[in-house]
Amino acid sequence: MPAVLTVDPGSGVPIYLQIIEQVKRSVALGVLQSGEQLPTVKQLALDLTINPNTVARAYRDLERDQIIETAPGRGSFVRKNGAEANVRAAATDVARGAVDGALREAKSLGLTRADVRATFDLALDRWFPEER
Amino acid sequence: MNAIEISHLSKRYGSSVAVDDLSLQIPSGTVFGLLGPNGAGKTTTFRCMLGLMRANAGSVEYSGRPLAPSTFEDIAYVPERSVLYEWMTVAQHVEMNRRAFARFDPSVAAQLLTRFSIDPRKRVRALSKGMRTAVMVSLAFARNAKVLILDEPTSGLDPVNQRHVLGLIVNEAARGNTVLFSSHQIGQVERAADRIAVLDRGRAILTGQVDDLKADRKIVEGVFLDGATDISVVSTDPRVARVDRVDRIVRLLVTSGADDVAQSMTAAGATGVRLLDLNLEDIFFYAVSPADATSDAATRSIAQ
């Protein structure tokens, strides 16, 4: 699965957060499906030439968030139970980060809550015309 | 358990202090990157750690025990400068290591030399600087050591071979071994290391987990259109390590609580408040630079 995950070690975003974000995104998109196996910590560390403790930290957080589960000696897998909810939660998570960033920007530019709401409603209409 | 524990290490050359009361804990199974400007004391620290130089004060313990002949089997060292014999062939060095170290695996050494495209029949005299580095790296990683101490293990190597060395380091960590290495190429440390220390004038001025440093340290930037605005509320915040003011733009280096500081900046009257991530090079730069230096991160944010 080396092609599914990539990281940019030179970015200011912690590598373990990059891995978490990408696994969640892959689950949300269905690139990684319920029950599918992830590379082992060692394999991913070697594939990406990054520190194995950093990969392990990402996997621990993904387990805590119930996105993956680890069977000792067998490896890590995308969770089977409640996969639907997890996929939705993962997607919501990714979207929340993007919305947060947009709102921070809007607020720092001096827009009011009403301004932002109006802008947001327009964008919603454009992206979800069928649900108006 | 710490694989390496350096306590209050000091080394003076005459009146100049090379290592100044340095203490570092290196947990077992970590890859620890040592960064620092030239002359910061990295090589001296390594030499004192290995008993190649006598420290003026302090101690170094490996898994709780001081350096002893029995410990040498567990520690492999790649020095900054070649210690290979000019007149010997590479194969003779392999044989010498096989005789000296019980766990040395000649077949691993042969594999690594092949990977670095080095002909073992060649004499060291005929090798370039980078090839000598590759030979020393190959010998060290064939040792089956528990601790590897590598002083600039990629110097003189081309990018492909540099990546090979990083792969070897990652592989050691995945096997539970401990690696301490120095490099001027911060991008390599950023990849392979989970923990770092920045050395400056013999002191550790910054230590921590790379990902935690990146998560915590941010630039908070804001615009104060009224140049007379009192910003002392934010600039005296204990989480603010540095304040740069360029015309109406104020940039704060925060060591934690970036969101909080951003909010108080807005409350103090700033507009356009935003957070900028810092990579390891930025973090290093801020750690070793005086507060009035022009920073890469600051220049970059103006360009954006």
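Everything discussed here concerns the structure shown above.
The structure presented is a predicted model; accordingly, all values stated were derived computationally and were not measured.

1. Comments concerning the overall build of chain B
Now for step 1: Per the secondary structure count, chain B includes eleven helices and 14 strands.
Now for step 2: By principal-axis analysis of the C-alpha atoms, chain B measures approximately 75 × 40 × 35 Å.
Now for step 3: Out of the 304 residues belonging to chain B, those deemed buried represent 50%.
Now for step 4: For chain B, the proportion of contacts with a sequence separation of at least 24, taken over those separated by at least 6, is 68%.

2. Brief notes about the sheet that holds strand β12 (residues 240-246) of chain B
Hydrogen bonds along the backbone pair up the strands of a sheet, which may run parallel or antiparallel.
Residues and elements named next belong to chain B.
Now for step 1: In space, the four strands of this open sheet follow the order β12-β13-β11-β14, with antiparallel pairing throughout. The open sheet has two edge strands with one neighbour each: β12 and β14 (271-277). With direction set aside, neighbouring strand axes in the sheet form an average angle of 20°.
Now for step 2: With five bridges connecting them, strand β11 (residues 218-223) and β14 associate as antiparallel partners. By the bridge assignment for β14, Ile219 is matched with Leu276.
Now for step 3: Helix α9 (residues 258-267) contacts β11, β12, β13 (249-254) and β14 of the sheet and is inclined by roughly 10° relative to β11.

3. Remarks on α9(B)
An α-helical turn contains 3.6 residues, so any two residues separated by three or four positions project in the same direction.
All names here are of chain B.
Now for step 1: Turning to α9, its buried residues number three or more, namely Ala258, Val261, Ala262 and Met265. All buried residues of α9 lie within an arc of 105° about the axis, which places them on one face of the element. Exposed residues on α9 whose side chains face more than 90 degrees from its buried face are Gln263 and Ala267.
Now for step 2: The inward-facing, buried residues of α9 contact β11, α8 (232-235), β12, β13 and β14.
Now for step 3: Positive phi shows up at Gly269, right after α9, with a value of about 110°.

4. A short note on unusual backbone geometry
Now for step 1: The phi dihedral of Ser63(B) falls on the positive side, at around 50°, and the residue is not glycine.
Now for step 2: Located in the positive-phi region is Arg201(B), a residue other than glycine, with phi close to 50°.

5. So, the packing of aromatic side chains
Now for step 1: Inspection of every chain in the model, using the stated rule, returns two aromatic pairs over all chains.
Now for step 2: With 6.5 Å between their ring centres and 80° between their planes, Phe285(B) and Tyr286(B) make a pair best called edge-to-face.
Now for step 3: With relative accessibility at 26%, the residue Phe285(B) sits in the partly exposed group.
Now for step 4: Sitting above the plane of the Tyr16(A) ring, Arg57(A) keeps its charged end 3.9 Å from the centroid.
Now for step 5: Residue placement shows Arg143(B) over the ring face of Phe101(B); its charged tip is 3.5 Å from the ring centre.

6. Examining the interface of chain A and chain B
Now for step 1: Listed as interface residues are 21 residues of chain A and, on the opposing side, 30 residues of chain B.
Now for step 2: Three residues, Thr49(A), Asn51(A) and Arg104(A), lead the burial of chain A against chain B; their summed loss comes to 25% of the area buried on that side.
Now for step 3: The interface formed by chain A and chain B includes one salt bridge.
Now for step 4: Connecting chain A to chain B are 13 residue pairs in polar contact (both at pLDDT 80 or more).
Now for step 5: Contributions of two or more residues to the side of chain A that touches chain B are made by α1 (15-29), α2 (41-48), α3 (52-64) and α4 (83-108) of chain A.
Now for step 6: Its residues assigned to classes, the side of chain A that touches chain B comprises ten nonpolar, eight polar and three charged.

7. A look at the sheet that holds strand β2 (residues 16-27) of chain B
Residue and element names in this part refer to chain B.
Now for step 1: Read from one edge to the other, the open sheet built from four strands follows the order β2-β1-β4-β5, with strand pairing classed as antiparallel. Looking at which strands have only one partner, the edges of the open sheet turn out to be β2 and β5 (65-66).
Now for step 2: Set on the sheet, helix α1 (residues 42-49) makes contact with β1 (2-13), β2 and β4 (57-62); between it and β1 the angle comes to about 115°.

8. Considering the nonpolar core
Residues and elements named next belong to chain B.
Now for step 1: Ranked by size, the top nonpolar core spans 51 residues in total, and within it Ile169, Phe181 and Ile196 carry the most contacts.
Now for step 2: For this core, the element with the most residues is helix α4 (residues 129-141), which contributes seven residues.
Now for step 3: Apart from residues lying up to four places away in sequence, Phe181 is in contact with Val31, Phe32, Gly33, Leu34, Phe46, Leu150, Pro153, Ile169, Gln188, Val189, Ala192 and Ala193.

Cut-offs used in this document
Residues numbered from 1 in each chain as written. Chains lettered and ligands numbered in written order. Predicted model: local features only at pLDDT ≥ 70, side-chain atom pairs only at ≥ 80, totals over all residues. Heavy atoms only, no water. Helix = DSSP H or I, 4+ residues; strand = E, 2+ residues; numbered from the N terminus. Buried < 20%, exposed > 50% of the residue type's maximum accessible area, 1.4 Å probe, protein only. Contact = heavy atoms within 4.5 Å. Pairing = 2+ DSSP bridges. Axes fitted to C-alpha atoms, helices over the stretch in contact; angles between N-to-C directions. Arc of directions from axis to C-beta. Phe/Tyr/Trp six-rings, centres within 6.5 Å; stacked < 30°, edge-to-face > 60°. Lys NZ or Arg CZ within 6 Å of the ring centre and 35° of its normal. Buried area = accessible area lost by both parts, 1.4 Å probe. Salt bridge = Lys/Arg side-chain N within 4 Å of Asp/Glu carboxyl O. Polar contact = N/O pair within 3.5 Å; in protein donor to acceptor, adjacent residues only side chain to side chain. Nonpolar A, V, L, I, M, F, W, Y, C, P; charged D, E, K, R; others polar. Core = buried A, V, L, I, M, F, W, Y, C linked by side-chain atoms within 4.5 Å.

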